[in-house]
Amino acid sequence: MEDVEPELSPTEQRHAQDRVLDTGALRALAHPLRVRIYDILSQYGPQTASSLAEMLGESSGSTSYHLRALAKHDLIQEAADKGTARERWWERPIGGVSFANADAMKTPSGRAATQIVMNEFMRNRQEQLMRFVDEGLSEVSEAWQEGSLISTATARLTPQQSRELSLKIMALIDDAVDTYRHQTGEDVRPVSIRADLFPLPDLGEKS
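Keep in mind that this is a model prediction, so the values were computed, not measured. (Residues numbered from 1 in each chain as written. Predicted model: local features only at pLDDT ≥ 70, side-chain atom pairs only at ≥ 80, totals over all residues. Heavy atoms only, no water.)

Draft legend 1. Representation of the overall build of the chain in the model. Scanning the chain for helices and strands turns up eight helices and five strands. When its helices and strands are written in sequence order, the chain yields α-β-α-α-β-α-α-β-β-β-α-α-α. Taken over the C-alpha atoms alone, the chain extends approximately 65 × 45 × 40 Å along its principal axes. By the burial criterion, 23% of the 207 residues in the chain qualify as buried. Long-range pairs, those at least 24 residues apart, make up 65% of the contacts in the chain between residues at least 6 apart in sequence. Taken as a whole, the chain presents about 15200 Å² of accessible surface, with 51% of it coming from carbon and sulfur. Positive and negative side-chain charges in the chain, numbering 23 and 32 respectively, have mean positions lying 7 Å apart. (Helix = DSSP H or I, 4+ residues; strand = E, 2+ residues; numbered from the N terminus. Buried < 20%, exposed > 50% of the residue type's maximum accessible area, 1.4 Å probe, protein only. Contact = heavy atoms within 4.5 Å. Areas by Shrake-Rupley, 256 points an atom, 1.4 Å probe, with all protein chains shown as cover. Lys, Arg positive; Asp, Glu negative; His and termini not counted. Charge placed at Lys NZ, Arg CZ, Asp CG, Glu CD.)

Laid out in structure tokens, this is it:
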């Protein structure tokens with residue numbers, strides 16, 4: 001009797017199409033400033049070398065160089081509807097991206113590039129979170145305070161239960177992204193949606 005492959009959920013089908021970055025793309029992204037640029041384009045939308053330079057405290061020549069390096073590996077692309085003869089606008093293509101490349105992790109250079117990229121992404125995310133905690137709670141409106149969430153919980157799960165919970169959370173996030181991706185208007189601003197779900201280290205048996 002042949003084994004029947006389990007049917008994928010809609011969320012699994014969607015993320016099966018995510019781009020898994022190859023070693024070349026990971027190496028191209030493995031630079032702190034390039035991760036920041038990629039992050040800004042992901043969170044705030046299209047930018048120019050000049051606008052990025054102003055945000056990052058860099059020269060436009062530097063940001064232009066790094067933009068070209070990212071574009072060479074299709075990590076970003078020109079925003080065709082915004083470009084001019086004098087200034088090019090850049091955007092991150094729509095679609096999920098995964099850094100979990102099994103082949104890249106088999107080589108020292110691939111592991112190093114992956115680690116740099118992941119460390120920079122997580123550091124940037126943590127800085128944004130702490131800035132909100134330190135400043136945002138007193139600076140944003142009451143409506144935004146009520147609409148924000150910082151929560152941590154612990155559950156005892158099996159790997160399969162953890163996977164099922166991950167898919168439920170991902171489905172909620174995907175729905176919000178699809179529904180509001182292009183929303184504009186009064187009081188609309190980028191919102192970071194974070195979901196961390198991982199096993200805690202084993203502390204051993206209690207005596």
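Draft legend 2. Here's a closer look at a nonpolar patch on the surface. A cluster of nonpolar side chains, contributed by Met130, Val133, Leu137 and Ile150, occupies part of the molecular surface with about 320 Å² of accessible area. Tracing the sequence through the fold places Ile150 in the loop between helix 7 (142-147) and helix 8 (159-180). (Patch = residues over 30% accessible without salt bridge, like charges linked within 9 Å, V, L, I, M, F, W, Y side chains within 5 Å. Salt bridge = Lys/Arg side-chain N within 4 Å of Asp/Glu carboxyl O.)

Draft legend 3. Molecular detail of the sheet that holds strand 3 (residues 77-78). Across the sheet, three strands lie side by side as 2-4-3; this open sheet has antiparallel pairing. On the outer flanks of this sheet lie strand 2 (47-48) and strand 3, each paired with one strand and no other. As judged from the two bridges shared by strand 3 and strand 4 (residues 89-91), these two strands associate in the antiparallel manner. Across the sheet, residue Gln77 finds its bridge partner in strand 4, namely Glu91. (Pairing = 2+ DSSP bridges.)

Draft legend 4. Quick peek at the side chain of His66. Looking at where His66 falls in the secondary structure, it is placed in helix 5 (residues 60-72). A polar contact is formed between the side chain of His66 and the side chain of Arg34, at a distance of 2.8 Å. If we skip the residues at most four places from it in the chain, His66 touches His31, Leu33, Arg34 and Ile37. (Polar contact = N/O pair within 3.5 Å; in protein donor to acceptor, adjacent residues only side chain to side chain.)

Draft legend 5. Up close: unusual backbone geometry. Of note, the phi angle at Asp74 is positive, near 60 degrees, even though the residue is not glycine. Relative to the assigned elements, Asp74 resides in the loop between helix 5 and strand 3.

Draft legend 6. Main features of the pattern of salt bridges. One pass over the full model with this rule turns up 11 salt bridges. Of the charged contacts in the structure, one is a salt bridge between Arg194 and Asp196, with a shortest N-O distance of 3.9 Å. Overall, the relative accessible area of 53% leaves Asp196 in the exposed class. Salt bridges linked by common partners bring Arg14, Asp174, Asp178 and Arg181 together as one network.

Draft legend 7. Structural view of the packing of helix 4 (residues 49-56) against helix 5. Contact pair helix 4 / helix 5: the axes reach a minimum separation of 8 Å and the direction vectors enclose 115 degrees. The way helix 4 lies across helix 5 gives a crossing that is right-handed. Together, Ala49, Ser50, Leu52 and Ala53 of helix 4 and Ser60, Thr63, Ser64 and Leu67 of helix 5 make up the contact between the two elements. Of the residues belonging to the contact of helix 4 with helix 5, the class tally is four nonpolar, four polar and no charged. (Axes fitted to C-alpha atoms, helices over the stretch in contact; angles between N-to-C directions. Left-handed = near helix turned anticlockwise from the far one by under 90°. Nonpolar A, V, L, I, M, F, W, Y, C, P; charged D, E, K, R; others polar.)

Draft legend 8. Molecular detail of the packing of aromatic side chains. Throughout the structure, instances matching the rule amount to two aromatic pairs. Seen in terms of ring centroids, Tyr38 and Phe121 are 6.0 Å apart; in terms of plane orientation they differ by 85 degrees. Their pairing is edge-to-face. Taken as a pair, Tyr38 in helix 3 (residues 32-44) and Phe121 in helix 6 (residues 108-139) lie far apart in primary sequence, 83 residues in all. Each member of the pair, Tyr38 as well as Phe121, is classed as buried. Following the ring pairs from residue to residue traces out a cluster consisting of Tyr38, Phe99 and Phe121. Against the face of Trp89 rests Lys82, its NZ or CZ located 4.4 Å from the ring centre. Across from the ring centre of Trp144, 5.6 Å away, lies the NZ or CZ of Arg189, which sits over that ring. (Phe/Tyr/Trp six-rings, centres within 6.5 Å; stacked < 30°, edge-to-face > 60°. Lys NZ or Arg CZ within 6 Å of the ring centre and 35° of its normal.)

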